[in-house]
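# Fold and contact review
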Amino acid sequence: MSTPNKDIEKVEIRVKWDPSPHGEPANDLDIIAATYAVEEPYGAPAYLVHFDSRAPDGTITLNRDSRTGQGLGYDEVMTLELNRLSEAYSRVVVGVAIQQRDGRKTFGAIESTGVQIREGYTSLSEDDFSGVGAATAAVVAEFVRDSSGVWQFHDTVRGFDGDADSFAAAMGSRPPGP
């Protein structure tokens, strides 16, 4: 049976920020996507996609990576092709982590931060990280496949305090919501 409801198929996550002031260590924000198996939607991620990796099947790719925030507009972009993702996966959680190589840095310490989640020309969500200014990382979106196979988007920004590795391990450990 067909339905007039449209499934979320291909999503783009875009992050922007200003470069650090001259002479300061670079501001480096990274998009991280964690894919979860049907059997363990809140367990350990089946796999991660970030600056030096990609999805085994090519359904999640980092199209643009910035280590400084220099450039016009959105500096880092990731594409999720949910319509091609294997039925073995029921959940994808996307986050943004600030690299902590040169000491602790939070979203509040970086100028002009922003994240936008789009499907085609439609903006699903936008945020400036002001609600998680004291955090070093944040979950920015959750996509959950329902029992009929349709992907649902959960708009969320949840802060996390820790390095990128500990964030990646814990970012999907709780259900969607506040």
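Below or above, wherever it landed, is the structure these notes cover. (Residues numbered from 1 in each chain as written. Predicted model: local features only at pLDDT ≥ 70, side-chain atom pairs only at ≥ 80, totals over all residues. Heavy atoms only, no water.)

### Focus: the sheet that holds strand S1 (residues 10-16)
Paired through their backbone hydrogen bonds, the strands of a sheet run either parallel or antiparallel. One open sheet accounts for five strands, arranged S4-S5-S1-S7-S8; its pairing is antiparallel. Since the sheet does not close on itself, it has two edges, and those belong to strand S4 (60-64) and strand S8 (122-127), each with one partner. Taken over all neighbouring pairs, the strand axes of this sheet differ in orientation by 20° on average, direction set aside. The sheet contact formed by S4 and strand S5 (residues 76-81) spans four bridges and is antiparallel. Bridge assignment links Arg-64 to a residue of S5, and that residue is Val-77. (Pairing = 2+ DSSP bridges. Helix = DSSP H or I, 4+ residues; strand = E, 2+ residues; numbered from the N terminus. Axes fitted to C-alpha atoms, helices over the stretch in contact; angles between N-to-C directions.)

### Description of empty space enclosed by the protein
A water-sized probe rolled over the atoms picks out the places where empty space is left. Applying the stated criterion across every chain yields a total of one cavity of 30 Å³ or more. What the largest cavity holds in volume is close to 60 Å³. Every residue lining the largest cavity is listed: Pro-25, Ala-26, Gln-99, Arg-101, Asp-102, Gly-103 and Lys-105. Looking at the lining of the largest cavity residue by residue, the classes come out as two nonpolar, two polar and three charged. (1 Å grid on protein atoms, 1.4 Å probe; cavity = no way out; pocket = protein on both sides within 12 Å on 5 of 7 lines; lining within 4 Å. Points joined across faces, edges and corners; volume = space filled by probe spheres on them. Nonpolar A, V, L, I, M, F, W, Y, C, P; charged D, E, K, R; others polar.)

### A few points about the side chain of Ser-90
Locating Ser-90 in the fold gives a position in strand S6 (residues 89-98). What Ser-90 contacts, discounting residues up to four positions off in sequence, is Tyr-36, Ala-37, Val-38, Pro-41, Phe-143, Val-144, Arg-145 and Trp-151. (Contact = heavy atoms within 4.5 Å.)

### Structural notes on the sheet that holds strand S3 (residues 47-49)
Taken in spatial order, the five strands of this open sheet run S3-S2-S6-S9-S10, and their pairing is antiparallel. Sheet topology places S3 and strand S10 (151-160) at the edges, where each strand pairs with a single neighbour. For this sheet the average axis-to-axis angle between neighbouring strands, irrespective of direction, equals 20°. Looking at chain direction, strand S2 (residues 29-37) and S3 are connected through three bridges and run antiparallel. Pairing of Ala-34 across the sheet is with Leu-48, part of S3.

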